[in-house]
Amino acid sequence: MASSFRPYLGQFLFYMLCLAVSIGGFFFLARYPLDPLDLPEKNYRIAFASEFKEGDETNEDICVVHSDGAGFRRLTDTSGDDTMPAFSPDGSRIAFVSERDGNKEIYVMHADGSNQRRLTDFVGDDSQPCWSSGDEIIFVRMLTEPGTESQTDLFGLTVSTGALQQLAKTPTNESFPDVARSGGYLLFTGVKDVRYIRGKRVEEQRLYTATVSGKFPEEVPVLEKKTVQNVFRNPTFSPDGRAIVYQWFRSYGSHGDESLWWLNFSTHSSIALLDSPYVREIAFSPDGQQLVLTHGNPPRLYELDVSDKALGEMARSDPRENMKCLVPLPIDRVTRHPSCAPLPRN
């Protein structure tokens, strides 16, 4: 009888051990719960500009919302337009453009909308801010000299001291700056050549990378077809710095097309993400798996899946199948200039 019971004794002891581990794990988690921020976080914050109508006037203000549609909050409320928000690398502050003092200047505020203050004071327009570090902002300044056409240049600004430095001077008319999250590299558009076709000035644009100080600019090789004119907008680094996304308008003289492209730096391969004239501005989610864009007329916030799996399937499917509108939002007006950051730590 005892010998017949022995085969089951080992199983009984094994099950008792599993039960003890499970009970111990339960009480351990009850006493020391896992911090949810230590787990992959798919939800994140999106700052953006949206129109608000008050009386006979319509102004744009900075808002923030979670990617699941919750947590909507209006951060600014002034008489002038507030646009182009950009989260700092740690998500604690937002740089933005405001016209509350008469022309476009760079401002900064805490991510909850408090402590708003002006950083620049220039007779021309300052716009398109992006953070190159926790205390440095790169932006675009419109320069006008008597007897010459206006042009744009990149400037660097130290937030804590107000120190200002002009960056890249070659090529000309630089705009749409973005800095890789790892630091060290600046991405922007610039005019390589100017031609006159039938008396009309035509600027030939290119994408460039440089150091964050604007030195050693190099052209990004993306052109594939012979065109009359190329215009690039909103080039943006992926969070890991291995790829960029950009908008590309190509004119062939009698017609043109506008599309959203993905370029992998390591493989030098390109993917057309969307062929649409209604893509406005773009930003990556913090994990780089989603591309947040404003799309449509009027533009609304959308997510486009750009995970490795989705990119691999785009050649065989309609990219719009990987898009979803970020709703509900308590607004139904123009939505522009998204910028993304992780949810704040409590």
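Residues numbered from 1 in each chain as written. Predicted model: local features only at pLDDT ≥ 70, side-chain atom pairs only at ≥ 80, totals over all residues. Heavy atoms only, no water.

## Description of the overall build of the chain
Where we set the bar: Only DSSP runs of H or I reaching four residues or more are called helices, and only runs of E reaching two or more are called strands; each is numbered from the N terminus. Accessibility here uses a 1.4 Å probe with only protein chains present; expressed as a share of the type maximum, an area under 20% marks a residue as buried, one over 50% as exposed, and anything in between as partly exposed. It only takes one pair of heavy atoms within 4.5 Å for two residues to be counted as in contact. Residue-level accessible areas treat just the shown protein chains as cover; the underlying method is Shrake-Rupley with a 1.4 Å probe.
Scanning the chain from terminus to terminus reveals 2 helices and 24 strands. Among the 346 residues that make up the chain, the fraction classed as buried is 46%. In the chain, once contacts between residues fewer than 6 apart in sequence are set aside, the share between residues at least 24 apart is 40%. With the model as given, the accessible surface of the chain reaches about 18500 Å², and the carbon-plus-sulfur share is 53%.

## Section: the nonpolar core
Our working rule: We define the nonpolar core as a collection of buried residues of types Ala, Val, Leu, Ile, Met, Phe, Trp, Tyr and Cys that are connected through side-chain atoms lying within 4.5 Å of one another.
Leu260, Leu273, Leu291 and Leu304 are the most contacted members of the largest nonpolar core, which totals 16 residues. Of all the elements in the fold, those that place two or more residues in this core are β17 (243-251), β18 (256-264), β19 (269-275), β20 (279-284) and β21 (290-295). What leucine 291 contacts, discounting residues up to four positions off in sequence, is Val245, Leu260, Leu273, Ile282, Ala283, Phe284, Tyr302, Glu303, Leu304 and Val306. Listed in part, the 13 residues of the second largest apolar core include Val97, Val108, Phe139 and Val159.

## Focus: the confidence of the model for the chain
Formally: Within a predicted model, pLDDT stands for the predictor's per-residue confidence, ranging from 0 to 100.
In the predicted model, the chain carries a mean pLDDT of 83, and 81% of its residues have values of at least 70. Across residues 25-40 the pLDDT falls below 50, and counting only partners more than four positions away or on other chains, this stretch makes 3 contacts in the model.

## Considering the pairing of strand β2 (residues 57-66)
Keep this limit in mind: The rule for pairing is simple: two strands pair if DSSP sees at least two bridges between them.
Here β2 lies mainly inside the structure; 7 of its 10 residues are buried. Pairing geometry for strand β1 (residues 44-54) and β2, over 10 bridges, is antiparallel. Looking across to β2, one finds that phenylalanine 52 is bridged to asparagine 59. Pairing between β2 and strand β3 (residues 73-74): 2 bridges, direction antiparallel. Looking at the pairing, valine 64 lines up with arginine 73 of β3. Hairpin remark: β2 followed by β3, antiparallel, with 6 residues in the connecting loop; positive phi at glycine 69, about 90°.

## Focus: the sheet that holds β21
Spelled out, the test is: All axes here are fitted lines through C-alpha atoms, helices being fitted over the stretch that makes contact, and every angle between N-to-C directions spans 0 to 180 degrees.
The sheet built from 4 strands is open, its strands ordered β20-β21-β22-β23 with antiparallel pairing. Edge positions in the sheet fall to β20 and β23 (323-325), since each has one partner strand and no second. Strand after strand, the sheet turns through a mean of 30° between neighbouring axes, direction not considered. With 6 bridges connecting them, β21 and strand β22 (residues 300-305) associate as antiparallel partners. Opposite threonine 294, over in β22, you have leucine 301 as the bridge partner.

## Some thoughts on unusual backbone geometry
Of note, asparagine 115 is a non-glycine position whose phi angle comes to about 55°, a positive value. Its place among the elements puts asparagine 115 in the loop between β6 (105-110) and β7 (117-118). The phi dihedral of asparagine 173 is positive, around 50°, even though this residue is not glycine. Within the secondary structure layout, asparagine 173 lies in strand β12 (residues 172-179). Residue classification places asparagine 173 among the buried residues on the basis of a relative accessible area of 15%.

## Some remarks on the packing of aromatic side chains
Aromatic ring pairs are described here by two measures, namely the spacing of the ring centres and the angle between the planes. Test applied: Aromatic rings from Phe, Tyr and Trp, with only the six-membered ring used for Trp, were paired whenever their centres fell within 6.5 Å, and each pair was classed as stacked if the ring planes differed by under 30 degrees, edge-to-face if by over 60, and tilted otherwise. We call a charge positioned above a ring when the Lys NZ or Arg CZ atom is no farther than 6 Å from the ring centre and deviates by at most 35 degrees from the ring normal.
As enumerated under the stated definition, the model contains 9 aromatic pairs in all. Ring geometry for phenylalanine 139 and phenylalanine 155: centres 6.0 Å apart, planes at 25°, overall stacked. One end of the pair, phenylalanine 139, is in strand β9 (residues 136-143); the other, phenylalanine 155, is in strand β10 (residues 151-158), and 16 residues separate them in sequence. For the pair shown, phenylalanine 139 and phenylalanine 155 are each scored as buried. Geometrically, the ring pair formed by phenylalanine 188 and tyrosine 208 is stacked, given 5.8 Å between the ring centres and 20° between the ring planes. Of this pair, phenylalanine 188 sits in strand β13 (residues 185-197) while tyrosine 208 is found in strand β14 (residues 200-211), placing the two residues 20 residues apart along the sequence. The class of phenylalanine 188 is buried, set by a relative accessible area of 0%. Judged by its relative accessible area of 8%, tyrosine 208 is buried. By the ring-pair criterion, three or more aromatic residues cluster together here, those being Phe232, Tyr246, Trp248 and Trp261. Taking NZ or CZ as reference, arginine 141 lies 5.1 Å from the ring centre of phenylalanine 155, over its face.

## Looking at the sheet that holds strand β5 (residues 93-98)
Reading across the sheet, the 4 strands line up as β4-β5-β6-β7 and stay open at both edges, with antiparallel pairing between neighbours. With partners counted over all chains shown, the strands left at the sheet margins are β4 (82-87) and β7, one partner each. Bridging between β6 and β7 involves 2 bridges; their strand directions are antiparallel. If you follow valine 108 over to β7, its bridge partner there is arginine 117.

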